[in-house]
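Close look at the chain arrangement
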Amino acid sequence: MGVVILLVMAAGVALMLTRKLPTAFALALLAVAIAFLAGAPFTGKNSVLDTVLQEGAPALAATMIAIILGSWLGKLLDETGIAGTLVRKIVEFGGDRPTVVALGVLAVSALVGTVTGSAPAAMLAGIIGIPAMIAVGVPKVTAAGTVLMGIAVGIPFELPLWQFFSTALELPIPTVRGFMVKLFPFALAAALAFVLIETRRRGTEHAWSLKSVDSPGSSGAKARSRREELGDAPWYALLAPAVPLVLALGFELAIIPSLLAGVLYALITTTRPGGMNKRLLRTLYGGFEVAAPPLVLFISIGILLAAVKLPGAVDALEPLVKAVSPHNPVVFVLVFTLLVPLCLYRGPLNVFGLGAGIAGVLIATGIYPAVAVLGMATSYNQVFGVADPTSTQTVWSAQYAGVSPQQVMVRTLPYVWAVALGGLCVTAATYL
């Protein structure tokens, strides 16, 4: 039966890769199929309806709340001009020096990446940052890659992500935080190397600003009109993206209160008392729109995790997974480093897809300790968040810069592959 479950998983991957079904729907159907194959009853204990669907759907509720709050803060950073002011100040400081401007945009991307991931983070830093880099001679692919590599620097400190791994892998937040801190230097080194090498290796390519920035009604034009209306945000408001991180990392405050504190700080430092009520509601509703796709995905991931943890599924998969899982630290690093491409194109090691189910199997069967699975999953996530041509932030950044997502993947993959290697080495040396 374990072989049949693996074949069903492979079919689920095929459905996602060929876009026959959206990832969230494919994961939910896959979970139900696994539950029936594992011999789960229709209702009752360890059943399809009561355990997989009823208990699995809200299993990642804390993560979903963190996603909403992060999206809310992201909308505030956008509407109040905090993100735009950060990018403009960096560009003004950099002048006509391509490498300095790119490093500045990288820093802002990292900062907003700690608040919210995916396309919203890319847009916050990229709407102004990408045209500014191209205008001073940074090649278009490098400009798009700089924003993505910057977001990857912020990913280890993205609080909703901490909550996701804590809940999904049943690990305490301090454990997740501890590994993320170890992963951060690899992400930072790779991002700096990308900017320094790519801006110099490719030379300057002076070009006109992007058409999408100058065209009437474009997002760039909207950003400029908002800037003209609001002006630059106050200097003290620019600290808003760092507030949740300081509270969660420095003072070890819980994630949801830390994000709420960031929302309140951004609001109070930029908004008159009479306008706070309207802005709170408007940005909250806007945050729900941004958060809707990941919320649906996390519901499906919770359902899938509940299915692969059923006793029947564990018993069926344990001997097969044990037979192919390396335990020697050196072999562990070599094998899982070679498997890095399987997290691209929504592949089987993508943690926001079937990879979540595989992680659940590895933990439920006792193949690896949960913290080792954390190391694998977070290392792969660094690759997916930058180089996957199907991820929303990669697609947006590439298209906004006027290049293809595949071009960005080819240029950034060697750097984030090295980040994954570093994370896997730390995992093997520390937890195996």
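Details of the environment of P294
Note that P294 resides in helix α15 (residues 276-308). Spatially, the C-alpha atom of P294 lies 8.0 Å from that of M64, the residues being 230 residues apart in sequence.

Side note on the nonpolar core
Counting 148 residues, the largest nonpolar core has F164, F165 and I301 as its most contacted members. Broken down by element, the residue count for this core peaks at 12 residues, all from helix α19 (residues 370-387). Once residues lying within four places of it in the same chain are set aside, the contact partners of I301 are L27, L60, F164, V351, F352 and A356.

A few points about the environment of L374
Within the fold, L374 resides in helix α19. What L374 contacts, discounting residues up to four positions off in sequence, is F165, L169, L171, T175, V176 and F179.

Some words on the side chain of T114
Within the secondary structure, T114 is located in the loop between α6 (98-113) and α7 (118-135). For T114, a relative accessible area of 8% corresponds to the buried category. In terms of polar contacts, T114 uses its side chain to reach the backbone carbonyl oxygen of L111, at 2.6 Å. Beyond its immediate stretch of four places on either side in the chain, T114 contacts G154, F157, E158, L159, P241 and L245.

Brief notes about helix α1 (residues 2-17)
The first and last C-alpha atoms of α1 sit 23 Å apart over 16 residues, in line with the 22 Å expected at 1.5 Å per residue. For α1, the complete set of buried residues consists of G2, I5, M9, G12, V13 and M16. Angular distribution of buried residues about the axis of α1 spans 100°; they occupy a single face of the element. Lining the buried residues of α1 we find α2 (23-37), α15, α16 (311-324) and α18 (354-364). Remark: R19 follows α1 within two positions and exhibits a positive phi of approximately 60°.

Cut-offs and rules
Residues numbered from 1 in each chain as written. Predicted model: local features only at pLDDT ≥ 70, side-chain atom pairs only at ≥ 80, totals over all residues. Heavy atoms only, no water. Helix = DSSP H or I, 4+ residues; strand = E, 2+ residues; numbered from the N terminus. Core = buried A, V, L, I, M, F, W, Y, C linked by side-chain atoms within 4.5 Å. Buried < 20%, exposed > 50% of the residue type's maximum accessible area, 1.4 Å probe, protein only. Contact = heavy atoms within 4.5 Å. Polar contact = N/O pair within 3.5 Å; in protein donor to acceptor, adjacent residues only side chain to side chain. Expected span 1.5 Å × (residues − 1). Arc of directions from axis to C-beta.

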